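The primary structure of each chain is shown beneath.
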Amino acid sequence: MPSGTTAGPRPVRIEVSGLTKTFGTVRAVSDLGFTVEPGSVTGFLGPNGAGKTTTLRMVLGLITPDTGTATFDGVPYGALREPVRTVGAVLETAFHPARSGRDHLRVYCRAAGIPVARADEVLERVGLATAGRRRAGGYSLGMRQRLALATALLGDPPVLVLDEPANGLDPEGILWLRGFLRHLAHDEGRTVLVSSHLLAEMEQTADRVVIVGAGRLVRQGSIAELRSGAQGAGTVLVRSPEADRLVAVLATAGLAATRSEDGLVTVEGATPALVGARAFAAQVELHELRAESTGLEDLYFRLTAGQEQFAAGSPAGPAQYTTQGAAR
Ligand SMILES: Nc1ncnc2c1ncn2[C@@H]1O[C@H](COP(=O)(O)OP(=O)(O)OP(=O)(O)O)[C@@H](O)[C@H]1O
Ligand SMILES: [Mg+2]
């Protein structure tokens, strides 16, 4: 992966290990571990309720994990000497509606000991140079997302942690965000950790993905690895007049196969060659053998299917996003 070539900030690695967090009876995050490397965009993927926001809040020291650690080059967020100049975050978006975007940023600058002139620099970077002078209360969702990103960039941090920053962006905004995040990572060498519940959104943005389901790590690796995995071993569909025997034969070979009423056998984590070889060795007659077309999206769906979780009694309404910096 290309890393910072221009004089950018120092590279910082995020390391998450054994993170667990329980809210009442809901185990939001379970023994979660992954790493995020500088110079690349890491997509933090999982369905609604998978524990992404909870994890990011622990990474940023906003909530205390039951167990486990999250560090920036070995240092937990709470122990960083210059947190605002090390980590920029977009978690929720809440702006004073009567204040302009520019004033919002200037307030942050003063609080963080950053020259107020920096406010105009970051507004320029996120394409809000003009709109920045208007009341934030009148901003569109996309403009609020840009303002949140501008806030995160104030301290010129080597690390950016962004929770669903593409939420509510129009196609043009998503395209812009994609290019911007890749530029921050590839050209400036920053460490970019960005969450999303949509694989399609991350597929062209992230270099690596960390996929979680029900608070647990289900996969981490490069998009390329994920893609080859999706093509290599996927779901194989096979038809046989001896479906039950085929299922038994495949089970002996450690392959999870299930048969449906019409005699079609579905084999997970296999290739047609593997299934064909096992059937041939056991002299099971086959009438059909094919790989189900498994795109990345299918793989993601399979990995996380049925793992959305919502706390009992809490209506699963749309998440409310409001803007704040990690510095507070
Ligand atoms: N403060 C809290 N109190 C109780 N339960 C919580 C709290 N925060 C999160 N949870 C629960 O923890 C689980 C994980 O929630 P979290 O917000 O981390 O998921 P997520 O992956 O960010 O989901 P989404 O894609 O919807 O943003 C959910 O079941 C949620 O209801
Ligand atoms: Mg979330």
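Here, the structure is the one placed above.
Residues numbered from 1 in each chain as written. Chains lettered and ligands numbered in written order. Predicted model: local features only at pLDDT ≥ 70, side-chain atom pairs only at ≥ 80, totals over all residues. Heavy atoms only, no water.

Student: Tell me what's going on with the sheet that holds strand E10 (residues 216-222), and back it up with residues and numbers.
Tutor: Read across the sheet, six strands follow the order E6-E7-E8-E3-E9-E10 without closing on themselves; strand pairing throughout is mixed. The open sheet is flanked by strand E6 (87-90) and E10, the only strands paired with a single partner. Taken over all neighbouring pairs, the strand axes of this sheet differ in orientation by 15 degrees on average, direction set aside. Those strands touched by helix H5 (residues 171-187) are strand E3 (41-45), strand E7 (159-162) and strand E8 (191-196), and its axis lies near 150 degrees from that of E8. (Pairing = 2+ DSSP bridges. Helix = DSSP H or I, 4+ residues; strand = E, 2+ residues; numbered from the N terminus. Axes fitted to C-alpha atoms, helices over the stretch in contact; angles between N-to-C directions. Contact = heavy atoms within 4.5 Å.)

Student: An account of the site of ligand 1 is needed here, citing residue identities and associated values.
Tutor: Around ligand 1 lies a shell of 14 residues, among which Gly49, Gly51, Lys52, Thr53 and Thr54 are the nearest. In this structure, Asn48 approaches ligand 1 through a side-chain N or O atom, which is 3.0 Å from an oxygen atom. Protein chains bury 71% of the 630 Å² of accessible surface belonging to ligand 1 in isolation. Within the residue set of the shell around ligand 1, elements represented by two or more residues are strand E2 (26-36) and helix H1 (52-59). Ranked by residues supplied to the shell around ligand 1, first place goes to H1 with three residues. Looking at side-chain class alone, the shell around ligand 1 contains six nonpolar, six polar and two charged residues. (Near = heavy atom within 4 Å. Polar contact = N/O pair within 3.5 Å; in protein donor to acceptor, adjacent residues only side chain to side chain. Areas by Shrake-Rupley, 256 points an atom, 1.4 Å probe, with all protein chains shown as cover. Nonpolar A, V, L, I, M, F, W, Y, C, P; charged D, E, K, R; others polar.)

Student: Would you mind going over the pattern of salt bridges in detail, with residue names and values included?
Tutor: A side chain of one charge can pair with a side chain of the opposite charge if their charged atoms are brought near each other. Evaluated as defined, the whole model comprises 14 salt bridges. Across the salt bridge formed by Glu188 and Arg190, the nearest N and O atoms sit 2.6 Å from each other. The exposure class of Glu188 is buried, given its relative accessible area of 13%. The buried category is assigned to Arg190, whose relative accessible area is 3%. A single salt-bridge network, built from bridges that share partners, covers Arg125, Asp156, Glu188 and Arg190. (Salt bridge = Lys/Arg side-chain N within 4 Å of Asp/Glu carboxyl O. Buried < 20%, exposed > 50% of the residue type's maximum accessible area, 1.4 Å probe, protein only.)

Student: Which residues make up the packing of helix H4 (residues 141-153) against H5, and what values go with them?
Tutor: Contact geometry for H4 and H5: axes closest at 12 Å, N-to-C directions at 10 degrees. Accordingly, the angle class assigned to the pair H4 and H5 is roughly parallel. Contacts between H4 and H5 involve Arg146, Leu149 and Leu153 on the former and, on the latter, Gly173, Trp176, Leu177, Phe180 and Leu184. Split into classes, the residues belonging to the contact of H4 with H5 amount to six nonpolar, one polar and one charged. (Parallel < 35°, antiparallel > 145°, perpendicular 65-115°, else oblique.)

Student: Can you break down the environment of Gly269 residue by residue, with the values?
Tutor: Along the chain, Gly269 falls in strand E13 (residues 264-270). As for Gly269 and Val236, which are separated by 33 residues in sequence, their C-alpha atoms are 7.9 Å apart.

Student: Quick rundown of the pairing of E8? Include the residues and the values.
Tutor: The element E8 is extensively covered by neighbouring structure, given that six of its six residues are classed as buried. In E8, alternate side chains face the same way, and those of Thr191, Leu193 and Ser195 on one face and Val192, Val194 and Ser196 on the other are all buried. Where E3 meets E8, five bridges bridge the pair, whose relative direction is parallel. Bridged to Thr42 within E8 is Leu193. Alignment of E7 against E8, held across four bridges, turns out to be parallel. Bridge pairing in E8 links Leu160 to Val192. For the handedness criterion, the β-α-β arrangement of E7, H5 and E8 is classed as right-handed. (Right-handed = clockwise from strand over helix to strand, strands pointing away.)

Student: Explain empty space enclosed by the protein residue by residue, including any values.
Tutor: This structure, assessed with the given rule, holds two cavities of 30 Å³ or more. Volume-wise, the largest cavity comes out at about 50 Å³. Broken down by secondary-structure element, the contributors of at least two residues to the lining of the largest cavity are H5 and helix H6 (199-203). The leading source of residues in the lining of the largest cavity is H5, at four residues. Space inside the second largest cavity adds up to approximately 40 Å³. Taken together, Val90, Gln145, Arg146, Leu149, Pro165, Trp176 and Leu177 make up the full set of residues lining the second largest cavity. Among the secondary structure elements, those contributing two or more residues to the lining of the second largest cavity are H4 and H5. In terms of residues, the lining of the second largest cavity owes the most to one element, H4, which gives three residues. (1 Å grid on protein atoms, 1.4 Å probe; cavity = no way out; pocket = protein on both sides within 12 Å on 5 of 7 lines; lining within 4 Å. Points joined across faces, edges and corners; volume = space filled by probe spheres on them.)

Student: Explain the nonpolar core to me, and be specific about the residues and the numbers.
Tutor: In this structure, Leu105, Leu147 and Leu181 are the most contacted members of the largest nonpolar core, which totals 46 residues. Per-element tally for this core: the top contributor is H4, with seven residues. Leave out the neighbours within four places in its chain, and Leu105 touches Ala119, Val122, Leu123, Leu147, Ala150, Thr151 and Leu154. Judged by nonpolar contacts, the second largest core, of 28 residues, contains Phe34, Leu56, Met58 and Leu60. (Core = buried A, V, L, I, M, F, W, Y, C linked by side-chain atoms within 4.5 Å.)

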